[in-house]
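Understanding the architecture of this molecule
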Amino acid sequence: MSAPYLQAEGVEVSFGGLRALQDCSFTIDPKRITCLVGPNGAGKTTIFNVITGFLKPNAGTVHFKGQSLDGWSPQQVVAAGIARTFQNLRLFVELPAIDNVMTSLPQQSGEEPLAAIFRPLHVARAGRRRRDEAMAILQEVGLADRADEMVRNLSYGEQKLLIIARVLATGAELLLLDEPASGLSAGALDKVMTLLRRLQSEGKTLLVVEHNTRVVQQIADDVLFLHQGHLMARGTPQQIISDPALAEIYFGGAL
Amino acid sequence: MDFWFSYIALASIYVLLGLSTNLLVGIAGIFSVSQAAVFGVGAYIVAYCLMNDVMTFLPALGVAAVVCVALNILVTLPALRVAGDYFVVTSFGIQLLATAVFINWTAGTGGANGLPGIPPPDLFGYPLETAAQVVVLCLAGMGLGCLMFWLVMRAPFGRLLRAIREDELAVAAAGKSVLRAKVSAAALAGAFAGSAGAFYATFLSFIDPVSFDLDASILLLTLVVVGGARTLRGSILGPFLLLALPQVLTLIEIPTTVAAAARQLIYGVLLILFMLFRPQGLAGEKL
């Protein structure tokens, strides 16, 4: 039997006296959309931080394709093929949309000052090729015509699409998306959901934090229900949403 | 020496310093008030090499640049460990330490009396003795510095630094090393400051600790704030405008002792006014 695609095992994270994750274990399967749901404070973003190397767990491990990510830096995790977005976007608002995407392209010539100074022609040529790559990614998310616009001038819906473009540019195969659909109008929401489905059909694996049950029902293959820092249930969207005990936790507040 | 020669040479040297400060403070967001110390180390190294016939000007400039690269990495390393506000205090300490060394290490630096009689620069053994020749050399140094700055800022490295200034966490999430980029920026800033020191020592033929003290570091910040952060034209405009100020003050009939104090006062007031009312400087972006 081959190793699970992504496996979290017994992950514990404490902030002072607060236990954000306790004995949190789950696996996710490749080329599927897995939604991570649960009430506020369930530990959804915390597990993202652990997987992507931003937070060192007090205990437990995360394995990606059989390899332990223990002690890896965010850069190493991205290089291994896992990239994440942030709930509050964290776009570079003073840069044009295309520069936001280009920043994420891996291994660029001219990212070191010496190359920039001593091989300017090579850097410029490579830069034009990388720009085409970035344009293709913007095209994919439907923002090609906004490439040179400063991010602060983009609508919220466009920013949400751009954040997906930026994570795609890393070339990662596993995308961790923190609330990609929150705060969107119906039209923008459809665009994002269509995009996520298309990325899956292109071979990406998606782990998505999502609150909107309609979105979960429409895009998720699997749903993980997190509560008080550990996995409470796992199932299809229908199984999770129709479970009265989970609904009570999710909508009714505390147990 | 003719006023214009002196003005142009000094301004072009300060453009190199402006580029250095701009890279470190404006672009990498490392708020250092010790760049004049690094500048001073470059100047003393070149003075020592030329006065003791250790080597000629260009190799000495190279040595100064390399030492200042190393020094600037060392000096800014705490910035990568402590948060911004704390680093200001750290770099303040580094500046005071450097000034203390410049003043007290009389065997190496001539102490408070400074080092007089630094030989003029030479190019491949050919001494540049006229003012015009030295001005051309300083302008060439400035031109090369500007070209390097321009190349670096239009390359992916420049974009990475701008991104880091906005959001370090997002840069890390994009798979890039924030530490590596900042260290590179500090290194390049060190090379610019060290080279500026080389031109300064040989152009004036005299250096003393006053040129590299805290006031000098604050002048470097003022250059960037007034000229404009993060742009090439801002880094050129700031020095050329602010270095004209002492000359303008000589036109007004006030005693020289008052003029020196008035200059510091005006620099200080300009710094405050620009930060309050025009943070992007004359030709830059918001600091």
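Rules of the game
Residues numbered from 1 in each chain as written. Chains lettered and ligands numbered in written order. Predicted model: local features only at pLDDT ≥ 70, side-chain atom pairs only at ≥ 80, totals over all residues. Helix = DSSP H or I, 4+ residues; strand = E, 2+ residues; numbered from the N terminus. Rg over C-alpha atoms; globule rule 2.2 N^0.38 Å. Buried ≥ 20, exposed ≤ 12 C-beta atoms within 10 Å, placed from the backbone. Pairing = 2+ DSSP bridges. Contact = placed C-beta atoms within 7 Å. Nonpolar A, V, L, I, M, F, W, Y, C, P; charged D, E, K, R; others polar. Axes fitted to C-alpha atoms, helices over the stretch in contact; angles between N-to-C directions. Parallel < 35°, antiparallel > 145°, perpendicular 65-115°, else oblique. Left-handed = near helix turned anticlockwise from the far one by under 90°. Expected span 1.5 Å × (residues − 1). Arc of directions from axis to C-beta. pLDDT = per-residue confidence, 0-100.

**What about the overall build of chain A?**
- Each helix and strand counted, chain A has 10 helices and 10 strands in total.
- For 255 residues, the compact-globule formula gives about 18 Å, and the C-alpha radius of gyration of chain A, at 19 Å, lands near that figure.
- Dimensions along the principal axes, computed over C-alpha positions, put chain A at roughly 60 × 40 × 40 Å.
- Looking at chain A as a whole, 44% of its 255 residues qualify as buried.

**Focus: the pairing of strand S3 (residues 33-37) of chain A**
All names here are of chain A.
- Where burial is concerned, most of S3 is hidden: 5 out of the 5 residues are buried.
- Side-chain alternation along S3 places Ile 33, Cys 35 and Val 37 on one buried face and Thr 34 and Leu 36 on a second face that is also buried.
- Pairing between S3 and strand S8 (residues 205-209): 4 bridges, direction parallel. Considered in S8, the bridge of Ile 33 is made with Leu 206.
- Judged from the 4 bridges that link them, S3 and strand S9 (residues 222-227) form a sheet pairing that is parallel. Along S9, the bridge assignment pairs Thr 34 with Asp 222.

**Details of the interface of chain A and chain B**
- Counting residues at the interface gives 29 residues for chain A, matched by 22 residues for chain B.
- By residue class, the composition of the side of chain A that touches chain B is 14 nonpolar, 8 polar and 7 charged.

**Some remarks on the environment of A:Ser25**
- Inspection of the secondary structure puts A:Ser25 in strand S2 (residues 18-28).
- Residues A:Ser25 and A:Gly60, 35 residues apart in the sequence, show an inter-C-alpha distance of 8.7 Å.

**What about the sheet that holds S2(A)?**
Residues and elements named next belong to chain A.
- Judged by pairing direction, the sheet is antiparallel, and its 4 strands sit side by side in the order S2-S1-S4-S5 without closing on themselves. Two strands bound the open sheet, and with one partner strand each, they are S2 and strand S5 (67-68).
- Contacting strand S1 (6-15), S2 and strand S4 (59-64), helix H1 (residues 44-51) crosses the sheet at an angle of about 110° to S1.

**So, unusual backbone geometry**
- Of note, A:Glu179 is a non-glycine position whose phi angle comes to about 50°, a positive value.
- Assessed through the 21 C-beta atoms surrounding it within 10 Å, A:Glu179 is described here as buried.
- Although it is not a glycine, B:Arg230 adopts a positive phi angle of roughly 70°.
- Within the secondary structure, B:Arg230 sits in the loop between helix H10 (214-227) and helix H11 (232-242).
- Classification of B:Arg230 as buried rests on a count of 23 C-beta atoms within 10 Å.

**Concerning the packing of helix H2 (residues 35-51) of chain B against helix H9 (residues 178-204) of chain B**
Residues and elements named next belong to chain B.
- Contact geometry of H2 with H9 gives a least axis separation of 7 Å together with a crossing angle of 50°. Judged by the inter-axis angle, H2 sits oblique to H9. As H2 runs across H9, the sense of the crossing is right-handed. Along its contact with H2, which presents Gln 35, Val 38, Phe 39, Gly 40, Val 41, Gly 42, Ala 43, Val 46, Ala 47 and Leu 50, the element H9 presents Gly 190, Ala 193, Gly 194, Ser 195, Ala 196, Gly 197, Ala 198, Tyr 200, Ala 201 and Thr 202.
- Within the contact of H2 with H9, the residues separate by chemical class into 12 nonpolar, 8 polar and no charged.

**Thoughts on helix H7 (residues 186-201) of chain A**
All names here are of chain A.
- The terminal C-alpha atoms of H7, which comprises 16 residues, lie 23 Å apart, in line with the 22 Å expected from a rise of 1.5 Å per residue.
- Among the residues of H7, Leu 189, Val 192, Leu 196 and Leu 199 are the ones counted as buried. All buried residues of H7 project into a common sector of 90° when viewed along the axis, lining one side. Among the exposed residues of H7, those oriented more than 90 degrees off its buried face are Ala 186, Gly 187, Arg 198 and Ser 201.
- On the buried face of H7, the contacting elements are S3, helix H6 (156-169), S8 and helix H8 (213-219).

**Some words on the sheet that holds strand S6 (residues 82-84) of chain A**
Residue and element names in this part refer to chain A.
- Here 6 strands make up an open sheet; going across it, the order is S6-S7-S8-S3-S9-S10 and the pairing mixed. Looking at the sheet topology across the chains shown, the edges are occupied by S6 and strand S10 (230-235). Averaged over all pairs of adjacent strands, the angle between their axes in this sheet comes to 20°, without regard to strand direction.

**Some remarks on helix H6 (residues 131-154) of chain B**
- For H6(B), built from 24 residues, the straight-helix expectation of 34 Å at 1.5 Å per residue is met to within 8% by its first-to-last C-alpha distance of 34 Å.
- Residues of H6(B) that are buried in the fold lie against helix H4 (113-118) and helix H5 (120-141) of chain A together with helix H1 (3-27), helix H7 (156-166), H9 and H11 of chain B.

**Thoughts on the confidence of the model for chain B**
- Looking at chain B, the pLDDT average stands at 90 and 98% of residues meet or exceed 70.
- Across the interfaces of the predicted complex, the ipTM metric reaches 0.92, alongside a pTM of 0.89.

**A few points about the environment of B:Ala173**
- By the secondary structure assignment, B:Ala173 is in helix H8 (residues 168-173).
- When sequence neighbours within four positions are dropped, the list of residues in contact with B:Ala173 reads A:Thr52, A:Pro74, A:Ala83 and A:Arg84.

**As for the pairing of S2(A)**
Residues and elements named next belong to chain A.
- Pairing geometry for S1 and S2, over 7 bridges, is antiparallel. Considered in S2, the bridge of Val 11 is made with Cys 24.
- Here S1 folds back onto S2 in antiparallel fashion, the turn holding 2 residues, of which Gly 16 has a positive phi close to 60°.

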